[in-house]
Amino acid sequence: MNILKVSLLSLLLAIQAVSAADQIAGKVVKVSDGDTVSLLVNGSETINVRLSEIDAPETNQPWGNKSKQALSLLIATKNVTVSTTGKDRYGRTLGTIYLLEENVNKLMVKNGDAWAYTKYVADQEYFLLQDHAKTQKAGLWSMSADQIIPPWDWRKKSK
């Protein structure tokens, strides 16, 4: 009986540890572009976070600087929570950033400051938000058609 209780307790503690590891709280200390920030955690450690499911214009492409500014206005110097989903090939933490209860990744798409990253979207709401932003000509969707280039296509052309 005691072995069963110890096993169950160990299992519960392991589940809590995994859940806690999936959430990171910290202060945004740098906005690199419209989908990447640096977060100060535990008062001394800095981690780079890549917003998952979205892709913002590169800084050297049309709307790139405005996208960075939009993300800065939303979360620069603020305390946020990141729901993590892993790491990307550059070692950045992938995740969804929340300011209080607001999903910042979705806000960036809704406001027309980023694309739903077609290749990596799991939550179909991103496409609905993007369609609405297009219809409203919000953010980057207000530019002329020849300037509206998805970042993944822009990067291919730049190589």
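This text follows the structure it describes.
Residues numbered from 1 in each chain as written. Predicted model: local features only at pLDDT ≥ 70, side-chain atom pairs only at ≥ 80, totals over all residues. Heavy atoms only, no water.

Undergrad: Sorry, what's going on with helix α4 (residues 125-136) here?
TA: In an α-helix there are 3.6 residues to a turn, and that puts residues three or four apart on one side. Between its terminal C-alpha atoms α4 stretches 17 Å, which fits the 16 Å expected from twelve residues at 1.5 Å a residue. Contacts from the buried residues of α4 go to β4 (54-55), β7 (102-103), α3 (104-110) and β8 (115-116). At the C-terminal side of α4, Lys 137 shows a positive phi close to 55°. (Helix = DSSP H or I, 4+ residues; strand = E, 2+ residues; numbered from the N terminus. Expected span 1.5 Å × (residues − 1). Contact = heavy atoms within 4.5 Å.)

Undergrad: Is there a simple way to think about the nonpolar core in this case?
TA: Side chains of nonpolar character tend, in soluble globular proteins, to be buried together. Formed by 25 residues in total, the largest nonpolar core has its most connected members in Val 37, Leu 39, Leu 71, Ile 75 and Ile 97. Those elements giving two or more residues to this core turn out to be β1 (23-33), β2 (36-41), β3 (45-51), α2 (64-75), β5 (79-87), α3 and α4. With residues up to four places along the chain from it excluded, the contact list for Leu 71 reads Val 31, Asp 33, Gly 34, Asp 35, Thr 36, Val 37, Leu 51, Ala 76, Val 104 and Met 108. Core analysis: the second largest hydrophobic core is formed by six residues, Trp 63, Trp 115, Ala 133 and Leu 140 among them. (Core = buried A, V, L, I, M, F, W, Y, C linked by side-chain atoms within 4.5 Å. Buried < 20%, exposed > 50% of the residue type's maximum accessible area, 1.4 Å probe, protein only.)

Undergrad: What is the right way to look at unusual backbone geometry in this model?
TA: Backbone geometry follows two general trends: most residues other than glycine have a negative phi, and most peptide bonds adopt the trans configuration. The phi dihedral of Trp 63 falls on the positive side, at around 75°, and the residue is not glycine. Positionally, Trp 63 belongs in the loop between β4 and α2. Phi at Thr 77 takes a positive value of approximately 65°, unusual for a residue other than glycine. Within the secondary structure, Thr 77 sits in the loop between α2 and β5. Accessibility expressed as a relative area gives 58% for Thr 77, which makes it exposed.

Undergrad: Teacher, can you tell me more about the pairing of β5 here?
TA: Looking along a regular strand, one sees the side chains alternate between the two faces of the sheet. Taken together, the five bridges between β1 and β5 define a ladder with antiparallel strand orientation. In the strand pairing of β5, Ile 24 is matched with Val 82. Pairing of β5 with strand β6 (residues 93-99), which is carried by six bridges, proceeds in the antiparallel orientation. Within β6, the position partnered with Gly 86 by the bridge is Leu 94. (Pairing = 2+ DSSP bridges.)

Undergrad: Whenever I open this one, the pattern of salt bridges confuses me. Can you help?
TA: Here the idea is simple: oppositely charged side chains can pair when their charged atoms come close. Following the criterion strictly, the structure yields seven salt bridges and no others. Put simply, Asp 35 and Arg 50 hold a salt bridge, and the shortest N to O gap is 3.5 Å. Here the residue Asp 35 occupies a position in the loop between β1 and β2, and Arg 50 occupies one in strand β3, the gap between them amounting to 15 residues. Note on Asp 35: relative accessible area 5%, which makes it buried. Close ionic contact of Lys 106 with Glu 125 constitutes a salt bridge, the shortest N to O distance being 2.7 Å. Residue Lys 106 is located in helix α3, and its partner Glu 125 is located in helix α4; the two are separated by 19 residues in the primary sequence. Since its relative accessible area comes to 14%, Lys 106 is described here as buried. With relative accessibility at 36%, the residue Glu 125 sits in the partly exposed group. (Salt bridge = Lys/Arg side-chain N within 4 Å of Asp/Glu carboxyl O.)

Interpretation note: all reported values are geometric properties and have no functional meaning in isolation.
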